[in-house]
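Structural overview
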Amino acid sequence: MKNYISGGLKVLITYCITLVIFVVFLFTVISLAKDNFGFWLSVYSFAMFLLLASMVYSDMKRLAIKEKRPQYDLHPYLMKGLVYGLIGMIPFAVLEIIYPLINLGDPVLERIKHLALNTLLGPLYGFIKLGNESAAAYVLVLFIVPAIAMLGYMAGLKGFELRKNKKAPVKTKK
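Residues numbered from 1 in each chain as written. Predicted model: local features only at pLDDT ≥ 70, side-chain atom pairs only at ≥ 80, totals over all residues. Heavy atoms only, no water.

Details of the overall build of the protein
Counting its regular elements, the protein contains eight helices and zero strands. Reading the secondary structure of the protein in the N-to-C direction produces α-α-α-α-α-α-α-α. Taken over the C-alpha atoms alone, the protein extends approximately 75 × 50 × 25 Å along its principal axes. With 174 residues in all, the protein has 36% of them scored as buried. For the protein, long-range pairs separated by at least 24 residues make up 74% of all intrachain contacts whose partners lie at least 6 apart in sequence. Accessible surface computed for the protein: about 11000 Å², of which carbon and sulfur atoms make up 70%. Of the charged side chains in the protein, 20 are positive and 9 negative, and the gap between their average positions amounts to 19 Å. (Helix = DSSP H or I, 4+ residues; strand = E, 2+ residues; numbered from the N terminus. Buried < 20%, exposed > 50% of the residue type's maximum accessible area, 1.4 Å probe, protein only. Contact = heavy atoms within 4.5 Å. Areas by Shrake-Rupley, 256 points an atom, 1.4 Å probe, with all protein chains shown as cover. Lys, Arg positive; Asp, Glu negative; His and termini not counted. Charge placed at Lys NZ, Arg CZ, Asp CG, Glu CD.)

Structure (C-alpha cells):
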C-alpha cells in the first residue's frame, strides 16, 4: 500500500509543479492576450499540458524500470501506472465533487469559485474548454493524467519507446 501512495504522490507532485508554473506565467498570458484571451488561454493550457504529460510519462517510466528489478520484489503489472495516476488525481476529484455543493449566494463569489476551479485544473483547462465546460468535460479530464501515467508505466515495464531517437552514426577516421 505504501508503494501505491508514494507512486500517487509522485503524480500529484508533478501535477502541482506544473500547476505552479501555469499560475506563475498566467499573468503574462493575460497581459499579452488582451482581446483574444480565451483562445490564448487554451493554447497556453495545452502547452502546460504537454509539459505535464512529458513529466508524468517520464516519471512513471523510470518508476516502472525501477520496480521491475527483482531485488525490489514489487510485482509490477501493466495497469499499475493507471492506479498511481488515479491516486494522484484524488484531491482534484474531491474538489470536483464538493464544488457543486458549495453555494456562496452571490454571483460574483460564484464566478470566483468557478475561476478557482478552472485555475486548479489549469494544465487541463484546454480539454475542459473543448468540452464546452460541461460537467462531463470536468469529469473526463480527471482521467487524462492517469492514462498518461499508465502509458509511461507500460513503456518502462515493457521497454518500448513512443519516440525513437534517430541519431546519425558518428564517423571515425581510420
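Focus on the pattern of salt bridges
The final tally for this structure, using the stated rule, is three salt bridges. Close ionic contact of Asp59 with Arg62 constitutes a salt bridge, the shortest N to O distance being 2.7 Å. Within this pair, Asp59 and its partner Arg62 are both found in helix H2 (residues 37–67), separated by three residues, close to a single helical turn. Under the relative-accessibility criterion, Arg62 is labelled exposed at 53%. With a shortest N-O distance of 3.3 Å, Lys80 and Glu67 are connected by a salt bridge. Residue Lys80 is found in helix H3 (residues 80–88), and its partner Glu67 is found in helix H2; the two are separated by 13 residues along the sequence. Lys80 sits in the buried class, given a relative accessible area of 2%. (Salt bridge = Lys/Arg side-chain N within 4 Å of Asp/Glu carboxyl O.)

Some points on helix H5 (residues 107–120)
Here H5 contains 14 residues, and its C-alpha end-to-end distance of 20 Å stays within 8% of the 20 Å for a straight helix at 1.5 Å per residue. Turning to H5, its buried residues are Lys113, His114, Leu117 and Asn118. Looking down the long axis of H5, one finds its buried residues gathered within 135 degrees of arc, a one-sided arrangement. Contacts from the buried residues of H5 go to helix H4 (90–98), helix H6 (125–130) and helix H7 (135–140). (Expected span 1.5 Å × (residues − 1). Arc of directions from axis to C-beta.)

Focus: the environment of Glu133
Inspection of the secondary structure puts Glu133 in the loop between H6 and H7. A relative accessible area of 26% places Glu133 in the partly exposed class. Separated by 117 residues in sequence, Glu133 and Cys16 place their C-alpha atoms 22 Å apart. Aside from chain neighbours lying at most four places away, what touches Glu133 is His114, Asn118, Tyr125, Ile128 and Tyr138. Looking at Glu133, its side chain comes within polar contact range of the side chain of Tyr125, at 2.8 Å. A polar side-chain atom of Glu133 sits 3.4 Å from a polar atom in the side chain of Tyr138. (Polar contact = N/O pair within 3.5 Å; in protein donor to acceptor, adjacent residues only side chain to side chain.)

A short note on the nonpolar core
Core analysis: the largest hydrophobic core is formed by 36 residues, its most contacted members being Tyr15, Met60, Leu121, Leu124 and Val145. Looking at this core, the elements with two or more residues in it are helix H1 (2–33), H2, H6 and helix H8 (144–158). If one sorts the elements of this core by residue count, H2 sits on top with 11 residues. With near-sequence residues (within four places) excluded, Met60 lies in contact with Gly7, Lys10, Val11, Tyr84, Ala149, Gly152 and Tyr153. (Core = buried A, V, L, I, M, F, W, Y, C linked by side-chain atoms within 4.5 Å.)

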